[in-house]
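Structural overview
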Amino acid sequence: MSVAAKISEKILTNAYKLQATDIHFYPYTKQTDIYFRIHGVRTMYKTITASQYRILLAYYKFASGMDIGQIRNPQNGKITHYTSSGRYDLRLSTLPVHQMESLAIRILPKEDYYALEHLFLFPKQLQQLKECISNKAGIFLMTGPTGSGKTTTMYALLEALLAEKSYQMITLEDPIEKNMNHILQVQVNEKAGVTYQAGLKAALRHDPDVLMIGEIRDKEIAKFAFEAALTGHLVLSTLHAKNAIGTIYRLVEMGIKYSEIQQTLIAIAALELIPIHYKGAFQRRAAIMELLTENTIEKVLNKGVKNVQPDYQTFRDLRKKAYAYGYTLENQCDIP
C-alpha cells in the first residue's frame, strides 16, 4: 500500500467511525488542516504536512477520474471505497485557492442507510410520504437546505416505489450519487451537451412511469419538470428552500404559474435533520418533515401565506413534539 493510500485509509476509517458526512481539506503553505462534519457540526480532525497533502490530493484525483494536471479549474470525481463493514460512495470536488487546491469529500451513506424506515423520527410521517407518491402523475418536491437529507430520502423513495411495482424509472442527476439497479440513471454533462433540458426531452421518449430530476436549479428545468408532470408522468425532484411554504414562492419566482402549480403539484415535503438523544447521550440525527398536500397548497395560492391557518405540523411544532417525547434537548425547540 502506498504512502498516500495509507494516509487516506486512516482518514476515511476515522471519518466512518465518527459518522462524518463530509471531509474538508484546507491547504496552507506549510500544512493542511482537515475537518470532519459530524452531525452537522464542522469539527477539526487533524493537521498534515503540505507534502503529505500534495501526494494525497494526487492520489484522490487519480482514483476519482479527475485530471491530475488541472489545478486552475474546479473538478468533480467519485470513488467507491470498500471496508470490512460495507461499501461507501465518496463524492469529491476540488476548488482552486491561492495557487493551490482545496478538497471536499462527501461521504454518502451505505446502502442500508437508505431505507425509509431509518430516516424519519415519526413513523406516521413516513406513511404520509408513501401516500403522496402513490399518485400516477404529478410532481412531488423534496425541499430543504444543503445537508438536510433530500437526496438520501429521494433515493429511498425510488427504492420503495420499485419494491411495490415494476416501474420504468429514469433519473437525471449531476452527479449520480448512488448507483441503483433496475433504474436508468443519466449523468448530466453540460460540456458533452447532456444538459438537464436535453436529458429531459430524451428521457420522455423512453416512456417513463417515474422521472426523478436530481435538482430543480433554474426556470428552464422547472418548466420542463412541470410540463412532464402535466403529460401524465410522476416527477420527483428536489429544490433548495427554507421550509415548505417557501417552496411555493420559489416556484412562482421561477415563472411557474399558479394554475400549473394547482393542477400539477402533488405535495411538498420539507426536511430538517435534528439530533436525537437518549438518556442524555447523542444517538443519531433523524428527519422531521413539513408536508404540504394539495389542499393546503391551493389555500396558500388563493389566499396567501399570511391569511392561511396552517393545517400541517411546522418544524417548530415537530421539534416541540420531539422534545415532549424525550427525543431531543429543550433548546432545539427554540430554533425558528
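Residues numbered from 1 in each chain as written. Predicted model: local features only at pLDDT ≥ 70, side-chain atom pairs only at ≥ 80, totals over all residues. Heavy atoms only, no water.

1. Brief notes about helix α3 (residues 123-132)
Within the span of α3, buried status applies to Gln125, Leu126, Leu129 and Cys132. Buried residues of α3, seen end-on, are gathered within an arc of 120 degrees and therefore sit on one face of the element. Facing away from the buried side of α3 by more than 90 degrees, the exposed set consists of Pro123 and Lys124. Buried residues along α3 sit against β7 (138-143), α4 (150-164), β12 (265-278), β13 (281-293) and α10 (315-324). (Buried < 20%, exposed > 50% of the residue type's maximum accessible area, 1.4 Å probe, protein only. Helix = DSSP H or I, 4+ residues; strand = E, 2+ residues; numbered from the N terminus. Arc of directions from axis to C-beta. Contact = heavy atoms within 4.5 Å.)

2. Details of the packing of aromatic side chains
Under the criterion given, the structure shown has nine aromatic pairs. Through a chain of ring-to-ring contacts, three or more aromatic side chains come together here, namely Phe25, Tyr53, Tyr59 and Tyr60. Over the ring of Tyr35 we find Arg42; its NZ or CZ atom is 3.7 Å from the centre of that ring. Stacked on the ring of Phe122, the Lys or Arg Lys321 has its end atom at 4.4 Å from the ring centre. (Phe/Tyr/Trp six-rings, centres within 6.5 Å; stacked < 30°, edge-to-face > 60°. Lys NZ or Arg CZ within 6 Å of the ring centre and 35° of its normal.)

3. So, the sheet that holds strand β1 (residues 20-27)
What links the strands of a sheet is backbone hydrogen bonding, and the strands pair in either a parallel or an antiparallel sense. Strand order across the open sheet formed by six strands is β3-β2-β1-β6-β5-β4, with antiparallel pairing between neighbours. Both outer strands of the open sheet, β3 (41-49) and β4 (75-83), are each paired with one neighbouring strand and no more. Mean inter-strand twist for the sheet, computed between neighbouring axes without regard to direction, equals 20 degrees. Across the face of the sheet, helix α1 (residues 3-17) comes into contact with β1, β2 (31-38), β3, β4, β5 (86-97) and β6 (100-108) while running at roughly 140 degrees to β1. (Pairing = 2+ DSSP bridges. Axes fitted to C-alpha atoms, helices over the stretch in contact; angles between N-to-C directions.)

4. Notes on the UniProt feature "domain: Bacterial type II secretion system protein E" (unreviewed entry) in the protein
Sequence positions flagged by UniProt for "domain: Bacterial type II secretion system protein E" (unreviewed entry) are, in local numbering, residues 204-218. Between the C-alpha atoms that bound residues 204-218 the distance is 19 Å, and the span itself is 7% helix and 27% strand. (UniProt positions renumbered as here; feature names shortened; annotations may be inferred.)

5. Here's the deal with the packing of helix α7 (residues 244-253) against helix α9 (residues 294-303)
Axis separation between α7 and α9 bottoms out at 11 Å; the angle between their running directions is 60 degrees. The orientation of α7 with respect to α9, classified from their angle, is oblique. The handedness of the crossing between α7 and α9 is right-handed. Only Ile297, Val300 and Leu301 of α9 make contact with α7, whose side of the interface consists of Ile245, Ile248 and Tyr249. (Parallel < 35°, antiparallel > 145°, perpendicular 65-115°, else oblique. Left-handed = near helix turned anticlockwise from the far one by under 90°.)

6. Describing the environment of Leu92
Residue position: Leu92 is located in strand β5. Between the C-alpha atom of Leu92 and that of Tyr258, which follows or precedes it by 166 residues, the distance is 39 Å. Sequence-distant contacts of Leu92, defined by excluding residues within four places in its chain, comprise Tyr60, Ser64, Met66, Gln75, Asn76, Gly77, Lys78, Ile79, Leu103, Ala104 and Ile105.

7. Considerations on the pairing of β5
Across nine bridges, β4 lies against β5 in antiparallel orientation. Each residue of the ladder has a partner; that of Thr83, found in β5, is Gly86. By the bridge criterion, nine bridges tie β5 to β6 in an arrangement that is antiparallel. Directly across from Ser93, in β6, lies its bridge partner Ala104. Linking β5 to β6, which pair antiparallel, is a turn of two residues; within it His98 sits at a positive phi near 50 degrees.

8. Quick word on the pattern of salt bridges
Tallied over the full model, the rule gives seven salt bridges. Linking Arg106 and Asp22 is a salt bridge whose minimum nitrogen-to-oxygen distance equals 2.5 Å. With Arg106 in strand β6 and Asp22 in strand β1, this residue pair connects regions lying 84 residues apart in the sequence. Across the pair Arg319 and Glu272 runs a salt bridge whose closest N-O atoms are separated by 2.6 Å. Within this pair, whereas Arg319 is found in helix α10, its partner Glu272 is found in strand β12, the two being separated by 47 residues in sequence. One exposure class covers both Arg319 and Glu272, and it is buried. Where salt bridges share partners, they join Asp174, Glu215 and Arg217 into one cluster. (Salt bridge = Lys/Arg side-chain N within 4 Å of Asp/Glu carboxyl O.)

9. Considering the packing of α1 against helix α2 (residues 50-63)
Relative orientation of the contacting elements α1 and α2 amounts to 85 degrees, with a least axis distance of 9 Å. Comparing their axes, α2 and α1 come out roughly perpendicular. Between α1, through Val3, Ala4, Ala5, Ile7, Ser8, Ile11 and Leu12, and α2, the contact on the second element is made entirely by Gln52, Ile55, Leu56, Tyr59 and Tyr60. Considering only residue class, the contact of α1 with α2 consists of 10 nonpolar, two polar and no charged. (Nonpolar A, V, L, I, M, F, W, Y, C, P; charged D, E, K, R; others polar.)

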